[in-house]
Amino acid sequence: MKKVAILVIAATNQPVYEYYIRNYWTRLIDYLKSVKPHIDVFLLCEREFDVGGFPRLRDNIIHDRNTDLGKLCDPGYHNLMVPGVLSKTILALELLRNDYDVFFRTNLSSIVKPSKFDEFVQGKKTFSYSGALVFRDSLRKMLVETACVGPEKSVGSLSELDSYKGNTFVSGSGFFLGQNDVEHLLNNFADIRFDLIDDVSIGLMFEKCETLEGFTRIINPELPLAEKLKVFEGDAACHFRLQHFPIGVAQQFWDAVAHADSWK
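Cut-offs used in this document
Residues numbered from 1 in each chain as written. Predicted model: local features only at pLDDT ≥ 70, side-chain atom pairs only at ≥ 80, totals over all residues. Heavy atoms only, no water. Disulfide = S-S within 2.5 Å. Buried < 20%, exposed > 50% of the residue type's maximum accessible area, 1.4 Å probe, protein only. Helix = DSSP H or I, 4+ residues; strand = E, 2+ residues; numbered from the N terminus. Expected span 1.5 Å × (residues − 1). Bend = angle between axes of the 7 residues up to and from the residue. Pairing = 2+ DSSP bridges. Axes fitted to C-alpha atoms, helices over the stretch in contact; angles between N-to-C directions. Contact = heavy atoms within 4.5 Å. Core = buried A, V, L, I, M, F, W, Y, C linked by side-chain atoms within 4.5 Å.

Caption draft 1: Seen up close, the state of the cysteines. All chains considered together, the criterion is met by 0 disulfides. Here Cys73 is not cross-linked by a disulfide; its sulfur's nearest cysteine counterpart is in Cys148, at 12 Å. Take Cys73: its relative accessible area is 9%, and that puts it in the buried class. Looking at Cys209, it has no disulfide partner, and the nearest cysteine sulfur is the one in Cys238, 17 Å off. Cys209 gets classed as buried once you look at its relative accessible area, which sits at 13%.

Caption draft 2: Seen up close, helix α1 (residues 15-35). An ideal rise of 1.5 Å per residue puts 30 Å on 21 residues; α1 measures up with 29 Å between its terminal C-alpha atoms. At Ile21, α1 shows its maximal kink, close to 35 degrees. Of all the positions in α1, only Val16, Tyr19, Tyr20, Ile21, Tyr24, Trp25, Thr26, Leu28, Ile29, Tyr31 and Leu32 are classed as buried.

Caption draft 3: Just the sheet that holds strand β5 (residues 110-112), in detail. If you walk across this open sheet you meet the 3 strands as β5-β12-β11, and the pairing is mixed. Both edges of this open sheet fall to β5 and β11 (216-219), since each of them pairs with a single strand only. Each adjacent strand pair in this sheet contributes to an overall mean axis angle of 20 degrees, direction not counted. Looking at chain direction, β5 and strand β12 (residues 239-242) are connected through 3 bridges and run antiparallel. Residue pairing across strands places Ile111 opposite Phe240, the latter belonging to β12. Most of the contacts of α1 go to β5, to which it runs at about 15 degrees, and overall it touches β5 and β12.

Caption draft 4: Spotlight on unusual backbone geometry. A cis amide bond links Val82 to the next residue, Pro83, at an omega of -5 degrees. In this structure, His244 takes a positive phi of about 60 degrees despite not being glycine. In this structure, His244 sits in the loop between β12 and α9 (247-260). Taking the relative accessible area as the measure of exposure, His244 reaches 62% and is therefore exposed. Positive phi is not limited to glycine here, since Asp261 has a value of about 60 degrees. With respect to the helices and strands, the residue Asp261 is situated in the segment after α9. Asp261 sits in the partly exposed class, given a relative accessible area of 34%.

Caption draft 5: Molecular detail of the nonpolar core. Grouped together as the largest cluster of nonpolar side chains are 49 residues, with contacts concentrated most on Trp25, Leu43 and Phe117. Looking at this core element by element, the count peaks at 10 residues for α1. Apart from the residues within four sequence positions on either side, Trp25 is in contact with Ile6, Val8, Tyr20, Val41, Thr106, Asn107, Leu108, Ser110 and Val112. Core analysis: the second largest hydrophobic core is formed by 41 residues, Ala5, Leu86, Leu139 and Leu185 among them.

This is the structure in structure tokens:
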């Protein structure tokens, strides 16, 4: 039986994020503890996160209290995502590296169906850097298109990246790492580019990436509720991305899903 850590990028700077924590993620954590104790969920939080507001989740919170973000990359490149998201991901991997066989990094606006997820994980022989939403052979192109390359940019020239074998990355909304991948990242900590968005930086570190067809399904907020539920209940995916749901839409969707127990 593989032991699995689900690592969730967490924040409360938007009401919808706190809603997801208090409703879906708390309920999933309780469910897994009683039904699938080989799967653990950890909410990855930065220094500003008020852990005191979630006393029931204290064993499931990894709080990045001590990291000096200024030492990870030039403060001129800091924003809401950089380098904090990558910093707390790496911290979680450091703390959990010896306790789990498989790591799945995701975000708050996701729903993991535990039964299908566990069936998928246990049925897959090996895990490596992988996911469903893969940007293949386009990492450097994306950096150029998003104006991350050039004078006074985080990447002065693409030649800076010549030593990195990776040119493919998986969306940070859901990617897997196996134990060997975690060891590779941690053993090469000095090479990690904390001045780049987390999923792109991780993609740089891996030459190969597996695409998991059908594992993830995106649900758009514009769909009527009945259509959202039809997708969620009828699709074979294990992981659903609630893409940019406003809080009212998220509440309406979760109320319906929770009432039907279709999230299990």
